[in-house]
Amino acid sequence: MEPWSHAWAGQLSEETIVSEALVGNPLGDPHERPLLVYTPPGYDASTERYPSVFCIQGLTGQVTMWSNRQPFKRTTPELIDAAMAAGSILPAIVVFVDAWTAIGGSQFLDSPATGRYHTYLCDDVVPWIDRHYRTDARRERRAIAGKSSGGYGAMVTPMLRPDLFGGLATHAGDALFEHAYWPDVREALRALRDEYDNDYDRFWADFRARSGRSKRSDGALLNIWTMAACYSADADGTVHLPWDPGSGRIDHAVWDRWLAWDPVRMAARHADALRSMRAIWIDAGRSDDFYLDLGANAFRQALVEAGVPEASVHFELFDGSHANIEWRYPLAIAWLIERMTAP
């Protein structure tokens, strides 16, 4: 395989969207955002309208990373293009969305600490794509897919907006928070004590001054602060951490705010929305580094309890970890499109 190029059958276009939802966001992040839009082979010569899949990224992801090339591997857009060219994915428009923030991510939620990223995705990005590309704009023909925090967004967005999305694919999405997040809470507590005198502001000042030179504790500290900013921020933007700052004991009032956003817990409250989905793909590696295979199984069980028909759900645990699972995207997108376009 050539390491620097790909012979495209379809087309990957770079676009820019001006988001009303992100104007004046609390972190001062840009309200003009890049989009990558993949159109299938034959799109320009056709008048057909196509189903669409919106792909969203994990924590610290930004849209140009979809084109990062690793040795002997195609990028995710290239994998999708090759599969469409081979006919293993039915023709569709695939949209790669940017939701980067200054603290690494947004969980695709509206938060007074980060900005209105749920509104941005649903009310800015989706309508923009429908206006500028020949999508089949029915919700039954639109799906969302993502990995990790993107997998989280893929689970919760259709629950909150079933009028927009009729299918989803979550690859190792954040779920069953007590297993997904609490190990990082312990790491963050220790790092704050030993390195930053229990002061998150000192962490951020140090982190931003190092110009990409990392410390072992960076991942846990960034992850926990970002989750707190998304799940437990007050209306004035104050971020509450899920522990007592003096003792390190769980602050159950804050932790309960986090759990309210756990897809496993949300499923019962949004059972009607989930039952309306035409296709739900759930997968994770059996050796996922963050134990998100446990969350995948718990979400699958929550769907059963919510009365989601078994025929509309694909569940799979595969041999793998949290990294290098981009090959799962074409499999899930092929499955989604087939079911979304079935009579």
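First, a word on what this report is: a plain description of the structure on this page. Please read all numbers here as calculations on a predicted model, not as lab measurements.

**What to know about the environment of Tyr-200**
No. 1: Along the chain, Tyr-200 falls in helix α6 (residues 200-209).
No. 2: Residue classification places Tyr-200 among the buried positions, given a relative accessible area of 6%.
No. 3: When neighbours within four sequence positions are excluded, Tyr-200 is seen to be in contact with Ala-188, Leu-192, Ala-220, Leu-221, Ile-224, Trp-225, Leu-241 and Trp-243.
No. 4: A distance of 2.7 Å separates the side chain of Tyr-200 from the backbone oxygen of Leu-221, its partner in a polar contact.

**Observations regarding the nonpolar core**
No. 1: Ranked by size, the top nonpolar core spans 84 residues in total, and within it Tyr-200 and Trp-258 carry the most contacts.
No. 2: Dropping the residues within four chain positions of it, Trp-258 is found in contact with Phe-177, Tyr-181, Ile-224, Met-227, Ala-228, Tyr-231, Ser-232, His-240 and Pro-242.
No. 3: Residues Tyr-38, Ala-92, Ala-332 and Trp-335 belong to the second largest nonpolar core, which totals 26 residues.

**Considering the packing of α6 against helix α7 (residues 218-231)**
No. 1: Interaxial distance between α6 and α7 falls to 11 Å at its minimum, and their mutual angle equals 120 degrees. In terms of their interaxial angle, α6 and α7 are classed as oblique. Handedness of the α6/α7 crossing: left-handed. Only Asp-218, Ala-220, Leu-221, Leu-222, Ile-224 and Trp-225 of α7 make contact with α6, whose side of the interface consists of Tyr-200, Phe-203, Trp-204 and Phe-207.
No. 2: In terms of residue class, the contact of α6 with α7 is built from nine nonpolar, no polar and one charged.

**Structural notes on the pattern of salt bridges**
No. 1: As enumerated under the stated definition, the model contains 23 salt bridges in all.
No. 2: Arg-216 is paired through a salt bridge with Glu-187; the nearest N and O atoms lie 3.2 Å apart. Of this pair, Arg-216 sits in the loop between α6 and α7 while Glu-187 sits in helix α5 (residues 182-195); the two residues are 29 residues apart in sequence, bridging distant segments of the chain.
No. 3: The class for Arg-216 is exposed, based on a relative accessible area of 74%.
No. 4: Linked through salt bridges whose partners overlap, the residues forming this network are Glu-195, Asp-206, Arg-210, Lys-215 and Asp-218.

**Structural notes on helix α3 (residues 149-160)**
No. 1: Compared with the 16 Å implied by 1.5 Å per residue over 12 residues, the 16 Å span of α3 between its first and last C-alpha is a close match.
No. 2: For α3, the tally of buried residues reaches 11 of 12 residues, placing the bulk of the element in the interior.
No. 3: Here α3 has its buried residues at Ser-149, Gly-150, Gly-151, Tyr-152, Gly-153, Ala-154, Met-155, Val-156, Thr-157, Pro-158 and Met-159.

**Some words on the side chain of Asn-223**
No. 1: Relative to the elements of secondary structure, Asn-223 occurs in helix α7.
No. 2: Sequence-distant contacts of Asn-223, defined by excluding residues within four places in its chain, comprise Leu-59, Tyr-181 and Asp-184.

**Re the pairing of strand β4 (residues 93-97)**
No. 1: Burial runs high along β4: five of the five residues are buried.
No. 2: On β4, burial covers both faces: Ile-93, Val-95 and Val-97 on one face and Val-94 and Phe-96 on the other are all buried.
No. 3: As judged from the four bridges shared by strand β2 (residues 32-39) and β4, these two strands associate in the antiparallel manner. Counted as the bridge partner of Leu-35 is Val-97 from β4.
No. 4: Pairing of strand β3 (residues 52-56) with β4, which is carried by four bridges, proceeds in the parallel orientation.

**Quick look at the pairing of strand β10 (residues 313-318)**
No. 1: Here strand β9 (residues 279-285) runs beside β10; their pairing, made up of six bridges, is parallel. Counterpart to Ile-282 in the pairing with β10 is Phe-315.
No. 2: A crossover links β9 with its parallel partner β10, the connecting element being helix α11 (residues 292-305), and its sense is right-handed.

The rules we used
- Residues numbered from 1 in each chain as written.
- Predicted model: local features only at pLDDT ≥ 70, side-chain atom pairs only at ≥ 80, totals over all residues.
- Heavy atoms only, no water.
- Helix = DSSP H or I, 4+ residues; strand = E, 2+ residues; numbered from the N terminus.
- Buried < 20%, exposed > 50% of the residue type's maximum accessible area, 1.4 Å probe, protein only.
- Contact = heavy atoms within 4.5 Å.
- Polar contact = N/O pair within 3.5 Å; in protein donor to acceptor, adjacent residues only side chain to side chain.
- Core = buried A, V, L, I, M, F, W, Y, C linked by side-chain atoms within 4.5 Å.
- Axes fitted to C-alpha atoms, helices over the stretch in contact; angles between N-to-C directions.
- Parallel < 35°, antiparallel > 145°, perpendicular 65-115°, else oblique.
- Left-handed = near helix turned anticlockwise from the far one by under 90°.
- Nonpolar A, V, L, I, M, F, W, Y, C, P; charged D, E, K, R; others polar.
- Salt bridge = Lys/Arg side-chain N within 4 Å of Asp/Glu carboxyl O.
- Expected span 1.5 Å × (residues − 1).
- Pairing = 2+ DSSP bridges.
- Right-handed = clockwise from strand over helix to strand, strands pointing away.

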